[in-house]
Amino acid sequence: MWYSIYSKDKAGSLQARMDARPAHVARLQQLLSEGRLLLAGPRPAIDAEDPGPAGFLGSLVVAGFESLQEAQAWADADPYVESGVYESVEVTPFKRVMPL
């Protein structure tokens, strides 16, 4: 099943985000190589592809897991969590309707 992992960044966490990014992306690449990643990306703080020093509001990942508990465990082990980037992380089931 698909699960949505919706994360909110702490204020002032841009440098911690940039430092932890390689490890964060490596985990997403693993999901991608396993065919389990539907989409992933940051949420810019301003209406721009590259928000510069404005940074990001958080991230959105939609990926396949066997259970909500597995999705939550994966989210809890995110390098952004370990580095203190995220203020909160919400993991919920996601029903893909389109595109098929």
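Described in the following lines is the structure provided in the data block. Since the structure is predicted, the reported quantities are computational estimates derived from the model, not experimental observations.

Reading guide: rules and limits
Residues numbered from 1 in each chain as written. Predicted model: local features only at pLDDT ≥ 70, side-chain atom pairs only at ≥ 80, totals over all residues. Heavy atoms only, no water. Helix = DSSP H or I, 4+ residues; strand = E, 2+ residues; numbered from the N terminus. Rg over C-alpha atoms; globule rule 2.2 N^0.38 Å. Buried < 20%, exposed > 50% of the residue type's maximum accessible area, 1.4 Å probe, protein only. Contact = heavy atoms within 4.5 Å. Salt bridge = Lys/Arg side-chain N within 4 Å of Asp/Glu carboxyl O. Phe/Tyr/Trp six-rings, centres within 6.5 Å; stacked < 30°, edge-to-face > 60°. Lys NZ or Arg CZ within 6 Å of the ring centre and 35° of its normal. Arc of directions from axis to C-beta.

Things to note about the overall build of the protein chain
Okay, step 1: A tally of regular secondary structure across the protein chain gives 3 helices and 4 strands.
Okay, step 2: Mapped in sequence order, the helices and strands of the protein chain form the string β-α-β-β-α-α-β.
Okay, step 3: For 100 residues, the compact-globule formula gives about 13 Å, and the C-alpha radius of gyration of the protein chain, at 13 Å, lands near that figure.
Okay, step 4: For the protein chain, buried positions account for 32% of its 100 residues.
Okay, step 5: Put simply, 75% of the contacts in the protein chain that link residues at least 6 apart link residues at least 24 apart.

Some details on the pattern of salt bridges
Okay, step 1: A complete count under the given rule lists 3 salt bridges for this structure.
Okay, step 2: Here R17 and D9 are joined by a salt bridge, their closest N and O atoms 2.8 Å apart. We note that R17, like D9, is buried.
Okay, step 3: Among the salt bridges present, the one from R36 reaches E34, with a minimum N-O distance of 2.6 Å.

Some details on the packing of aromatic side chains
Okay, step 1: Inspection of the entire model under this criterion finds 3 aromatic pairs.
Okay, step 2: A ring pair is formed by F65 and W74, whose centres lie 5.9 Å apart and whose planes are at 50°; its orientation type is tilted. Taken individually, F65 and W74 each receive the classification buried, so the pair is uniform in this respect.
Okay, step 3: Grouped by ring-pair contacts, the aromatic residues Y3, F65 and W74 constitute a single cluster.
Okay, step 4: When the ring centre of W74 is taken as origin, the NZ or CZ atom of R27, which lies over that ring, is 4.1 Å away.

So, helix α2 (residues 68–76)
Okay, step 1: Within α2, burial applies to A71, W74 and A75. The arc that holds the buried residues of α2, viewed along the axis, is 100°, so those residues lie on one side.
Okay, step 2: For α2, the elements touching its buried residues are β1 (2–9), α1 (14–33), α3 (79–82) and β4 (86–94).

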